Amino acid sequence: MKHFLIITAAFLLLFLNIKAEDTIRVGISDTPPFIIKTNTGYKGACIDMWQSIADSLNVAFLYYEYPLSSITNALDSNDIDIAISPLTITSNRIKKYYFSQPYYITSLAYAIRKDSGDFWGSFLSDFFSWNFFKALFSLFSIIFIFGIITWLMERKKNHSQFRKDHKGLGDGIWWSAVTMSTVGYGDKSPRTAAGRILAIIWMFTAVIVISSFTASISSSLTVHRLKSRINNIDDLRKVNVGTIKKTGSSEFLNQYKIYYKNFQTVNEGIDALNSCYIDAFVFDDAVLSYFVERSYHKDNVQVIPSAYFKEYFSIASKDQELINQINYYLISYVDSPVWINELDKYHIKYRD
């Protein structure tokens, strides 16, 4: 009887070991709309896709959840066999893992704050800026300098228009301002040769000064609005950027040497954006749009897609044979109407 129990136990251990080896350890992360964690388990486009593939392969599996920034670490340490979370194929990753055929193509996008709509508040704030006052000070300084020099040249021979005493300083400054503005009242004008030569110099100089001053004022009035808008990837270098570390988005920013702050989740990034801790949050268009649309910040945040960087979502593994088996069923699944219906079901943009 004792030997029978030992043999039975050995067979049970062998059986359980075989089953454990046949069970695929599937790494996932909470990345709606592809993988959505609920109170009863998981759902989403990737969950439905993997369930169909697993049924076709006739294999058992277990889900192991990790933060998106840590799921590649789980692959490295062989804690999981595959990762079905939306991982982007990158040049660095393809050296370490085998990837399936892409099941979804998206692009990089960035979330930014919308304009507040407070036109007059923004106008007054921008108008009375430091740049405005610096330009104004420079303008009055030049007017004052040319006015003083003209008064010194004209006060002896033209004292009827440029008085000799301290009041003559006002005459010179008044003439300088009127000449610069091209108003041309004609109440005061130089009569000496030196004064008229200086007047000619000042007339041409004033054109340049006024043009520069106008440009400076325009810049002062629009600089705040320009800083709150990002029109292309290059503009990301000028603002505070955030993304999730160890993702395709972070690799893209590293490649273009754009400094960024790290976040664990998309929700954390959107909260930081809304609180003005960062100016832009960079991530995948499909995932980012989904989060923003369902966020309570959606009235204050908008998503700008970019055509600069295409992202290909694939299943990753260190087991080439397993990836080959998955590809056999994945290609037909993605090409079928079932996949399109899945994308519609979870409100994911469909791309040919």
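Treat the numbers as computed from the prediction; the structure is a model and nothing was measured.

Undergrad: How do you make sense of the overall build of the protein chain when you look at a structure like this?
TA: Scanning the protein chain from terminus to terminus reveals 12 helices and 11 strands. Across the 352 residues that make up the protein chain, the buried fraction comes to 42%. Of all intrachain contacts in the protein chain linking residues separated by at least 6 positions in sequence, the fraction that spans at least 24 positions is 70%. For the protein chain, the computed accessible surface area is about 19800 Å², with 59% contributed by carbon and sulfur atoms.

Undergrad: Please clarify how the nonpolar core should be interpreted in this entry.
TA: In globular proteins that are soluble, nonpolar side chains generally tend to be buried together. One finds Phe34, Trp50 and Tyr103 to be the most contacted residues of the largest nonpolar core, which totals 59 residues. Not counting residues up to four positions away in its chain, the partners in contact with phenylalanine 34 are Lys43, Gly44, Ala45, Cys46, Ile47, Pro86, Tyr103, Tyr104, Ala286, Val287, Phe313 and Ile348.

Undergrad: I'm lost on the pattern of salt bridges in this one. Help?
TA: Between side chains of opposite charge, pairing is possible as soon as their charged atoms come close. Following the criterion strictly, the structure yields 7 salt bridges and no others. Note that lysine 37 and glutamate 65 form a salt bridge whose closest N and O atoms lie 3.2 Å from each other. With a gap of 28 residues between them, lysine 37 in strand S2 (residues 36-38) and glutamate 65 in strand S4 (residues 61-65) connect regions that are remote in the sequence. When its relative accessible area of 46% is taken as the criterion, lysine 37 is described as partly exposed. Its relative accessible area of 33% is what places glutamate 65 among the partly exposed residues.

Undergrad: I keep staring at the packing of aromatic side chains and nothing clicks. Help me out?
TA: Each pair of aromatic rings is reported with the distance of its centres and the angle of its planes. The full count for this structure, using the stated rule, is 16 aromatic pairs. Seen from their ring centres, tyrosine 42 and tyrosine 63 are 5.9 Å apart, and the 70° between their planes marks the pair as edge-to-face. Taken as a pair, tyrosine 42 in strand S3 (residues 41-43) and tyrosine 63 in strand S4 lie far apart in primary sequence, 21 residues in all. In this structure tyrosine 42 comes out as partly exposed when scored by relative accessible area, which is 28%. Put simply, the rings of Tyr42, Trp50, Phe61 and Tyr63 pair up and form one aromatic cluster. Here lysine 261 stacks its cationic end above the ring of tyrosine 277, 5.4 Å away from the centre of that ring. A cation over a ring is seen here: arginine 294 above tyrosine 290, with NZ or CZ 3.8 Å from the ring centre.

Undergrad: When you look at the environment of isoleucine 53 in this model, what are you seeing that I'm missing?
TA: In this fold, isoleucine 53 is placed in helix H2 (residues 45-57). Once residues lying within four places of it in the same chain are set aside, the contact partners of isoleucine 53 are Ile315, Ile326, Tyr329 and Leu330.

What counts and what doesn't
- Residues numbered from 1 in each chain as written.
- Predicted model: local features only at pLDDT ≥ 70, side-chain atom pairs only at ≥ 80, totals over all residues.
- Heavy atoms only, no water.
- Helix = DSSP H or I, 4+ residues; strand = E, 2+ residues; numbered from the N terminus.
- Buried < 20%, exposed > 50% of the residue type's maximum accessible area, 1.4 Å probe, protein only.
- Contact = heavy atoms within 4.5 Å.
- Areas by Shrake-Rupley, 256 points an atom, 1.4 Å probe, with all protein chains shown as cover.
- Core = buried A, V, L, I, M, F, W, Y, C linked by side-chain atoms within 4.5 Å.
- Salt bridge = Lys/Arg side-chain N within 4 Å of Asp/Glu carboxyl O.
- Phe/Tyr/Trp six-rings, centres within 6.5 Å; stacked < 30°, edge-to-face > 60°.
- Lys NZ or Arg CZ within 6 Å of the ring centre and 35° of its normal.

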